[in-house]
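Given next are the chains, with one letter for each unit.
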Amino acid sequence: MTMLLDQPKNCQPWTAHSARIVDIRPEVPGVATYDLVLDDPQVASAYRFRPGQFNMLYLPGFGESAISISSDPARHDVLSHTVRVAGNVTQALAKQKVGDRIAVRGPFGSDWPVNACRGHDIVLACGGIGLAPLRPAIYHILNHREDYGRVIVLYGARTPGDLLYTAEFSAWREKKLEVEVSVDVGTPDWKGHIGVVPVLFYRLRLQPERTSVMSCGPEIMMRFVVFEALARKVRPENIYVSLERNMSCGMGFCGHCQMGPYFVCKDGPVFNFRQVEPYFHLEDL
Amino acid sequence: MFVNKAPIKSYLSVGKSQLQSLIDGLHKLGYQTIGPRIVDGAIVYGELNAISDLPVGYVDWQDGGKYRLEPSDEAGHFDYVVGPDSLKKFLFPARETLLQSIRVDGTWNMATPDPAPHPLAVFGVRSCDLHALAIQDKVFLGGPYVDPGYQSRRNALFVVAVNCRRAAATCFCHSMKTGPAVEGGFDLALTELADRFVVQVGSTRGAEVMTNIEWTACTLQDIDDARSISKTLRDQMRTRAHNAETQRESELPRERHLDTTDIHDLLLDNLEHPRWSQVANRCLACANCTIVCPTCFCSSVSEVSDLSGDNVRRERAWDSCFTAEHSYMNTGTVRKTTASRYRQWLTHKLATWTDQFGTSGCVGCGRCITWCPVGIDLTEEVAAIRGDES
Ligand SMILES: Cc1cc2nc3c(=O)[nH]c(=O)nc-3n(C[C@H](O)[C@H](O)[C@H](O)COP(=O)(O)OP(=O)(O)OC[C@H]3O[C@@H](n4cnc5c(N)ncnc54)[C@H](O)[C@@H]3O)c2cc1C
Ligand code: SF4
Ligand code: SF4
């Protein structure tokens, strides 16, 4: 039995890699995108991620946070992370300047099924910061536009001023992404929808048998997205959600991110709805 | 007959006084030796340099929220069972440094410390705890990532197992198929007979250690005697399920057993059972059960920094699913109620652990029953959910 123990695997999974902040782009109040370059050229050149995966960003003295990678997976020069200031770690990150160094462990977790969904129409339904983990999937789709049918982004935020990446929407629309935006609370000059994301489904004419749905946002929003998608006869196995849980490691050691039989860090964060169906509706699980 | 080289799987007969030379032999090979000791009225693992330091002649009495040690004329070297300690604290220490970061000229140098652990030989490990060890191996070594600290300590561990001759009322290894007979995963396994020990050799390292010790080959009768100790105990434990009726009327602690039939589906089909809030009315959410459990592995990581902020350690410490922080997110704590935390713990132990690691997370050691201040008993909770309260 000790033979099994001596096999070399990833031997230093706790070692974080120093990275330089090469750009900081304020997005909306409380949210900025940080572009990182890993310092060790060997680590940097070996680094690859898939859409939907996340890194553990480490600020020594403050701690680690799970943050999705929000850049184009085909780009190997920088890694972007779009971060909302929440507490200890994210506040410390917000105080960093271009040129400062933080550290990265990753990438971790499962990914959006951009390959399995080829040939499908795709609905990307997200709320708030939930657009960040979907943006790499959007970039992938834009890079391989001919592989997909209709692609619809349903995006909601609290107010028009909280909408992320609005400067990119026209480029997305040019490549025939349908971008439908809604806010909870409008402003006098807001001409778009008002209401929650699931309501945006009402006007879509989907071909459910060839439609996949990918959703990321508050769990309550995703429950309604799933409800609306199922009501429109989208197959449950074609619906994907990205879950969020407290996590201290990203590797299934710390136990915090459990959800029923899953470790959200390594079995997720992206789940097929079929996987989480028995647990999704349960309070406090 | 004195033969130096003992083959793996062989059974050797060793005089009781020779146990000291086993300790000495391990010292010679560089091992620190650990064994059961009495501290504050309970059996815990401590330094063991002399066989006379073992709690020879003691037995333990355990029940929900109760633990007592007593001298007994019939008791030998190892006739108490498990105390609050297990191997867990040696391989997955309650606190350990995961990463050391030093800032020089604005750049962080980061490395995982490699403490090159001291080789450790632990005496008196029971079958349930060997199964717990195998389970923690799956958690820390069996996935896509390997925990380096656990791995190096694990490789430096030498296990001297013991076959139990009696069980506590809280033991239910027979239900979990984790005992009482030691079946593998040890370097040496001891069975105490009236006048000597039968030593089973479980590994090359075990065989090596035996070259320093005087032994004779066991006769078939010796082997039979040793085996029948485990078999008798097992048969005795197996009658518990049928004696439930008489048990209920007696004053003695209820002898535990757990019906594991379809337990995975039983629990997951009953996530909204009223029993969860009933047990939560008693549960203090103190986390004792998770701390004493030999398989529980939850932890949290925190930062320890010097004043300059240029020297930072990341420290991992045991945590528990019974705390609110365990599932805290700034968008809301997931498990807000004690009911949801007890449900998480029990369903993880007995159901979802199987999905995750292909084995139950419970080895039936009974520690969580004994060390629960209010005597909450997982076998009772499962029986209540099954609806056949026993
Ligand atoms: C897979 C995944 C991807 C994520 N991607 C992003 C992203 O792209 N952008 C972004 O802004 N945020 C993201 N988050 C949320 C982000 O991890 C938390 O907001 C962050 O950890 C808060 O840390 P803090 O120290 O600033 O806050 P505090 O409130 O001080 O948090 C203390 C600790 O609680 C835990 N915690 C608190 N809130 C959360 C939370 N919402 N999710 C998980 N753990 C939490 C963390 O362990 C944190 O260290 C993601 C979370 C997960 C699980
Ligand atoms: S759950 Fe209780 S009986 Fe089972 S292994 Fe853990 S402490 Fe022992
Ligand atoms: S079950 Fe008992 S030991 Fe466990 S948290 Fe509740 S009161 Fe504490």
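Relevant structure appears above.
Basis of the calculations
Residues numbered from 1 in each chain as written. Chains lettered and ligands numbered in written order. Predicted model: local features only at pLDDT ≥ 70, side-chain atom pairs only at ≥ 80, totals over all residues. Heavy atoms only, no water. Helix = DSSP H or I, 4+ residues; strand = E, 2+ residues; numbered from the N terminus. Buried < 20%, exposed > 50% of the residue type's maximum accessible area, 1.4 Å probe, protein only. Polar contact = N/O pair within 3.5 Å; in protein donor to acceptor, adjacent residues only side chain to side chain. Contact = heavy atoms within 4.5 Å. Near = heavy atom within 4 Å. 1 Å grid on protein atoms, 1.4 Å probe; cavity = no way out; pocket = protein on both sides within 12 Å on 5 of 7 lines; lining within 4 Å. Points joined across faces, edges and corners; volume = space filled by probe spheres on them. Nonpolar A, V, L, I, M, F, W, Y, C, P; charged D, E, K, R; others polar. Pairing = 2+ DSSP bridges. Axes fitted to C-alpha atoms, helices over the stretch in contact; angles between N-to-C directions. Buried area = accessible area lost by both parts, 1.4 Å probe. Salt bridge = Lys/Arg side-chain N within 4 Å of Asp/Glu carboxyl O. Parallel < 35°, antiparallel > 145°, perpendicular 65-115°, else oblique. Left-handed = near helix turned anticlockwise from the far one by under 90°. Expected span 1.5 Å × (residues − 1). Core = buried A, V, L, I, M, F, W, Y, C linked by side-chain atoms within 4.5 Å. Domains from an automatic or database assignment.

A. Local environment of the side chain of B:Ser127. Residues and elements named next belong to chain B. Topologically, Ser127 is positioned in helix H3 (residues 127–141). Judged by its relative accessible area of 2%, Ser127 is buried. One polar contact links the side chain of Ser127 to the main-chain carbonyl oxygen of Thr178, over a distance of 2.6 Å. At a separation of 3.1 Å, a polar atom in the side chain of Ser127 contacts the main-chain carbonyl oxygen of Ala181. Ignoring anything within four residues of it in the chain, the contact list for Ser127 reads Val162, Thr178, Gly179, Pro180, Ala181 and Val182.

B. Broad picture of the site of ligand 2. Close to ligand 2 lie 13 residues, the nearest being B:Cys293, B:Cys362, B:Cys365, B:Gly366 and B:Cys368. Counting residues per element, the ones that place at least two in the shell around ligand 2 are helix H12 (338–357) and helix H13 (367–370) of chain B.

C. Inspection of the layout of surface pockets at higher detail. Residue and element names in this part refer to chain B. Taken as a whole, the second largest pocket encloses approximately 760 Å³ of empty space. Around the second largest pocket, the lining comprises 34 residues; the ones closest to its centre are Val182, Glu183, Gly184, Phe186 and Gln200. Elements with a minimum of two residues in the lining of the second largest pocket: strand E9 (157–162), strand E11 (196–201), helix H6 (204–210) and helix H7 (220–238). A per-element tally of the lining of the second largest pocket places H7 first, with 6 residues. Split into classes, the residues belonging to the lining of the second largest pocket amount to 11 nonpolar, 13 polar and 10 charged.

D. Molecular detail of the site of ligand 3. Contacts to ligand 3 come from 13 residues, most closely from B:Cys283, B:Leu284, B:Cys286, B:Cys289 and B:Cys372. Residues of the shell around ligand 3, tallied by class, amount to 12 nonpolar, 1 polar and no charged.

E. Quick look at the sheet that holds strand E3 (residues 54–59) of chain A. All names here are of chain A. With antiparallel pairing, 6 strands are arranged side by side in an open sheet as E4-E3-E6-E1-E2-E5. Since the sheet does not close on itself, it has two edges, and those belong to strand E4 (63–68) and strand E5 (79–84), each with one partner. Between one strand axis and the next, the sheet turns through 40° on average, direction left out of account. Pairing of strand E1 (residues 17–28) with strand E2 (residues 31–38) involves 8 bridges; the strand directions are antiparallel.

F. Inspection of the interface of chain B and chain A at higher detail. Chain B puts 57 residues into the contact, and the matching count from chain A is 48 residues. A combined buried area of about 4400 Å² lies between chain B and chain A, and 55% of that area is made up of carbon and sulfur atoms. Between the two partners, chain B and chain A, sit 2 salt bridges. Here chain B and chain A share 19 residue pairs in polar contact (both at pLDDT 80 or more) between them. Secondary-structure elements contributing two or more residues to the side of chain B that touches chain A are strand E6 (95–104), strand E7 (107–111), H3, helix H4 (148–155), strand E13 (299–305), strand E14 (311–318) and H12 of chain B. Of all the elements, H12(B) adds the most residues to the side of chain B that touches chain A, at 8 residues. Tallied by class, the residues present in the side of chain B that touches chain A amount to 22 nonpolar, 21 polar and 14 charged.

G. Representation of the packing of helix H10 (residues 275–282) of chain B against helix H14 (residues 378–386) of chain B. Residues and elements named next belong to chain B. In contact at an axis separation of 10 Å, H10 and H14 are set at 150° when each is read in the N-to-C sense. As the angle between them shows, H10 and H14 are arranged roughly antiparallel. Crossing handedness for the pair H10 and H14: right-handed. Touching Arg275, Trp276, Val279 and Arg282 of H10 are Glu380, Glu381, Ala384 and Ile385, all from H14. Residues belonging to the contact of H10 with H14 are distributed by class as follows: 4 nonpolar, no polar and 4 charged.

H. Seen up close, the environment of B:Tyr67. All names here are of chain B. Topologically, Tyr67 is positioned in strand E5 (residues 66–71). Along the sequence, Tyr67 and Pro84 sit 17 residues apart, while their C-alpha atoms lie 9.9 Å from each other. In this view, Tyr67 contacts Gly41, Ala42, Ile43, Asp60, Trp61, Gln62, Val82, Gly83, Thr370 and Trp371; residues no more than four positions away in its chain are not counted. For Tyr67, the side chain forms a polar contact with the main-chain nitrogen of Ile43, separated by 3.1 Å.

I. View of the sheet that holds E13(B). Residues and elements named next belong to chain B. Within the open sheet, the 4 strands sit side by side as E7-E6-E14-E13. Their pairing is antiparallel. The open sheet terminates on both sides in strands that have one partner only, identified here as E7 and E13. The sheet shows a mean angle of 25° between the axes of neighbouring strands, direction not considered. Both E6 and E14 contribute to a ladder of 7 bridges, which runs antiparallel. By the bridge assignment for E14, Ile102 is matched with Asn311.

J. Representation of H3(B). Residues and elements named next belong to chain B. With 15 residues, H3 extends 21 Å from end C-alpha to end C-alpha; this agrees with the ideal 21 Å at 1.5 Å per step. Burial analysis of H3 places 12 of its 15 residues in the buried class, which makes it a mostly covered element. Inspection of H3 places Ser127, Cys128, Asp129, Leu130, Ala132, Leu133, Ile135, Gln136, Asp137, Val139, Phe140 and Leu141 among the buried residues, and these make up the whole buried set.

K. Up close: the nonpolar core. Counting 107 residues, the largest nonpolar core has A:Phe201, B:Trp345, B:Leu350 and B:Leu378 as the members making the most contacts within it. Two domains each donate at least three residues to this core, and these are domain 1 (17–108) and domain 2 (121–242) of chain A. Discounting chain neighbours no more than four positions away, the residues touching B:Trp345 are B:Cys289, B:Thr290, B:Cys296, B:Cys321, B:Phe322, B:Cys368 and B:Leu378. In terms of nonpolar packing, the next biggest core, distinct from the first, is built from 34 residues, A:Val31, A:Val151, A:Leu177 and A:Val181 among them.

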